[in-house]
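Coordinate analysis (summary)
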Amino acid sequence: MVQTGDWVFVLSNADTLLFGLVVTVVLTLTSLSVGFLLGFPAGAIEVYGDGVLRRVVTVAGGLLRGTPIVVILLVLFFVVSVSESAFITATVGLGLRSAAYQSQLFRGALQSVDEGQLEAARATGMGKLQAIRHVVVPQALRRSMPGFQNEFTIVLKDTSIAFAIGLAELLTQGYNLFTQSGRSTAVLEVFLVISAVYFVLTFLTNRGLDRVSDYYAIPAGENR
Amino acid sequence: MTLLRIDDVYQSYEAEQVLQGVSFDMQQGDVDVLMGPSGSGKSTMLRCINRLTEVDSGDIWLGDTHVTAPETDVNELRQDVGMVFQDFNLFAHLTALENITLGLKRVKGVHAEQARERARGHLDQVGLGDQTDAYPAELSGGQKQRVGIARALAMEPKLMLFDEPTSALDPELVGDVVAVMQDLAAGGMTMLVVSHEMGFARSAADDIHFLDNGQIVESGPPEQLFEQPEQDRTAGFLSGLQADGPQ
Ligand SMILES: Nc1ncnc2c1ncn2[C@@H]1O[C@H](COP(=O)(O)OP(=O)(O)O)[C@@H](O)[C@H]1O
Ligand SMILES: [Mg+2]
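Read on for a plain summary of the structure. Every value quoted in this text rests on a predicted model; they were computed, and no experiment measured them.

Listed per partner, the contact involves 22 residues of chain A and 23 residues of chain B. Approximately 1900 Å² of surface area, both sides summed, lies buried where chain A meets chain B, with 63% of it carried by carbon and sulfur atoms. Looking only at chain A, the three residues that lose the most surface to chain B are Glu 119, Ala 123 and Thr 124 of chain A, adding up to 26% of its buried area. Counting every contact that joins chain A to chain B gives one salt bridge. In this structure, Arg 47 of chain B engages Glu 119 of chain A in a salt bridge whose closest nitrogen and oxygen atoms are separated by 2.8 Å. Elements with a minimum of two residues in the side of chain A that touches chain B: α6 (115-123) and α7 (128-143) of chain A. In terms of residue count, the dominant contributor to the side of chain A that touches chain B is α6 of chain A (seven residues). Among the residues forming the side of chain A that touches chain B, the class breakdown is nine nonpolar, nine polar and four charged.

Further remarks concern the packing of helix α2 (residues 14-48) of chain A against helix α8 (residues 145-158) of chain A. Residue and element names in this part refer to chain A. Look at α2 against α8: their axes get within 9 Å of each other, and the N-to-C directions meet at 135°. Comparing the axis directions of α2 and α8 gives the class oblique. Crossing angle aside, the handedness with which α2 passes α8 is right-handed. Together, Thr 24, Thr 28, Leu 29, Ser 31 and Leu 32 of α2 and Phe 148, Glu 151, Phe 152, Val 155 and Leu 156 of α8 make up the contact between the two elements. Across the contact of α2 with α8, the residue classes break down as six nonpolar, three polar and one charged.

The subject of this paragraph is the pattern of salt bridges. Residues and elements named next belong to chain B. Inspection of every chain in the model, using the stated rule, returns 11 salt bridges over all chains. Between Glu 54 and Arg 51 there is a salt bridge, with the nearest N and O atoms lying 2.9 Å from each other. When its relative accessible area of 10% is taken as the criterion, Arg 51 is described as buried.

This paragraph deals with the sheet that holds strand β1 (residues 2-12) of chain B. All names here are of chain B. Spatial strand order, β2-β1-β4-β5: four strands in an open sheet with antiparallel pairing. Either end of the sheet is taken by a strand with one partner, and the two such strands are β2 (17-27) and β5 (65-66). Alignment of strand β4 (residues 57-62) against β5, held across two bridges, turns out to be antiparallel. In the strand pairing of β5, Trp 61 is matched with His 66.

The next thing to look at is the nonpolar core. Ranked by size, the top nonpolar core spans 51 residues in total, and within it Met 35, Leu 123, Ile 149, Met 160, Phe 162, Met 191 and Phe 200 of chain B carry the most contacts. Residue contributions to this core peak at eight residues, all from helix α6 (residues 171-186) of chain B. Contacts of Met 160 of chain B, omitting those with residues within four sequence positions, involve Gly 82, Val 84, Ile 149, Ala 152, Leu 153, Leu 184, Met 189, Thr 190, Met 191 and Leu 192 of chain B. Counting residues in hydrophobic clusters, the runner-up holds 49 residues, among them Ala 123 and Met 126 of chain A together with Leu 4 and Leu 34 of chain B.

All names here are of chain A. Where α8 meets helix α10 (residues 187-216), the axes come as close as 10 Å, and the angle between the chain directions of the two elements is 160°. One way to sum up the angle between α8 and α10 is to call them roughly antiparallel. Relative to α10, the crossing made by α8 is right-handed. Together, Met 145, Gln 149, Phe 152, Thr 153 and Leu 156 of α8 and Tyr 198, Leu 201, Thr 202, Thr 205, Asn 206, Leu 209, Asp 210, Val 212 and Ser 213 of α10 make up the contact between the two elements. For the contact of α8 with α10, the residue count by class is seven nonpolar, six polar and one charged.

Conventions used here
Residues numbered from 1 in each chain as written. Chains lettered and ligands numbered in written order. Predicted model: local features only at pLDDT ≥ 70, side-chain atom pairs only at ≥ 80, totals over all residues. Heavy atoms only, no water. Contact = heavy atoms within 4.5 Å. Buried area = accessible area lost by both parts, 1.4 Å probe. Salt bridge = Lys/Arg side-chain N within 4 Å of Asp/Glu carboxyl O. Helix = DSSP H or I, 4+ residues; strand = E, 2+ residues; numbered from the N terminus. Nonpolar A, V, L, I, M, F, W, Y, C, P; charged D, E, K, R; others polar. Axes fitted to C-alpha atoms, helices over the stretch in contact; angles between N-to-C directions. Parallel < 35°, antiparallel > 145°, perpendicular 65-115°, else oblique. Left-handed = near helix turned anticlockwise from the far one by under 90°. Buried < 20%, exposed > 50% of the residue type's maximum accessible area, 1.4 Å probe, protein only. Pairing = 2+ DSSP bridges. Core = buried A, V, L, I, M, F, W, Y, C linked by side-chain atoms within 4.5 Å.

Next comes the structure, spelled out in structure tokens:
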């Protein structure tokens, strides 16, 4: 049950949770960045590429999307040992998984831009890459914003799975608090605080990304 | 001077033979209109001229440029061939002005400020000097098509291709676009126009080519083709057009 003493305990250990929060936020950003840097080109390869490269991308994406994230993290950390650092391992794992989802997001967005515009750009003498970069990509990025917000939320919450490899993110820090001897009564309070923090983070970033979308929206266009 | 020479061009997609030995020439300053039933190969013919589509055999020359030679640089060739599309194909995320400056900057390497100035000039030319900052979604169909024309003109092409430029427009908007095309024709631009707009053909065309099943059935000046077609197929097609009114 909720007890005053347990709230005091949680508050007096706010710095522990704050540390976890910082790790969570940084891990979210690094993972999304890895996801974008790999996922965007991967999506483009699936649309415009051919041959072996496209095969590789398609198969790798399928594997990553089909494997539970906790398995990905455990394998990367304990089997493959990509790094001794749990943080780097978590970034790689969450980043790769996010890349696999972002590639689908961008693939759809790139395909949704009317082919005639690419043709019109080519007809003025632009090279294929130039035309894709200046005509298709700016529109595709706008159209992928709603999906990207979704992905942001998913990655933010899935950082908690780095718990499995002992990374001191928000959930792990909370867990460490109530597993201290004699403090198991604070379980509920800790989880309430952690959940509230995830909620506030999700809410704020979504509002922020809404603003970005509005700022870049095409006047009178269908994009938002 | 012969600007465009189409010599025995064949083209096919996997399943079907489209162009079957098309030949015609255009002199510099000529305005030719290509007519024919849907699916006869009109768009394909235009697309072979700027290599959006590759021919199977035959040759196309634009001035001294051997268009159909594999070693010809298509991006250079395309700067000499403006294309206007039925569905406008404007860049939806760019203003009318930016639609025009993009090619100037990225292809011709024109400096940003100078590109804007030139683009403004071309928008004035098509009667849209007051719409520089409008996005395509804010423009009417007729205005979009005029931006499309300005975008092509800005590259200073030797030849302009128009693929049914007015057939996606509401009837009341056709006039503005036709007027711009008539201005261009009067100004000496060489134009190859796929259109069933009789008014434009009568007033501006030097020659009309009637294409059916990938072959030119008959060519001639509008008076001749419209009043005294030699082929039954031409006569049949044209009488259908006139009965239905402009498309
Ligand atoms: N990209 C393509 N792939 C396969 N077939 C095509 C393609 N484009 C056109 N065709 C076919 O080629 C024929 C000629 O098409 P097109 O040149 O567009 O005719 P038109 O412009 O006279 O209506 C049509 O039967 C059409 O279905
Ligand atoms: Mg056509």
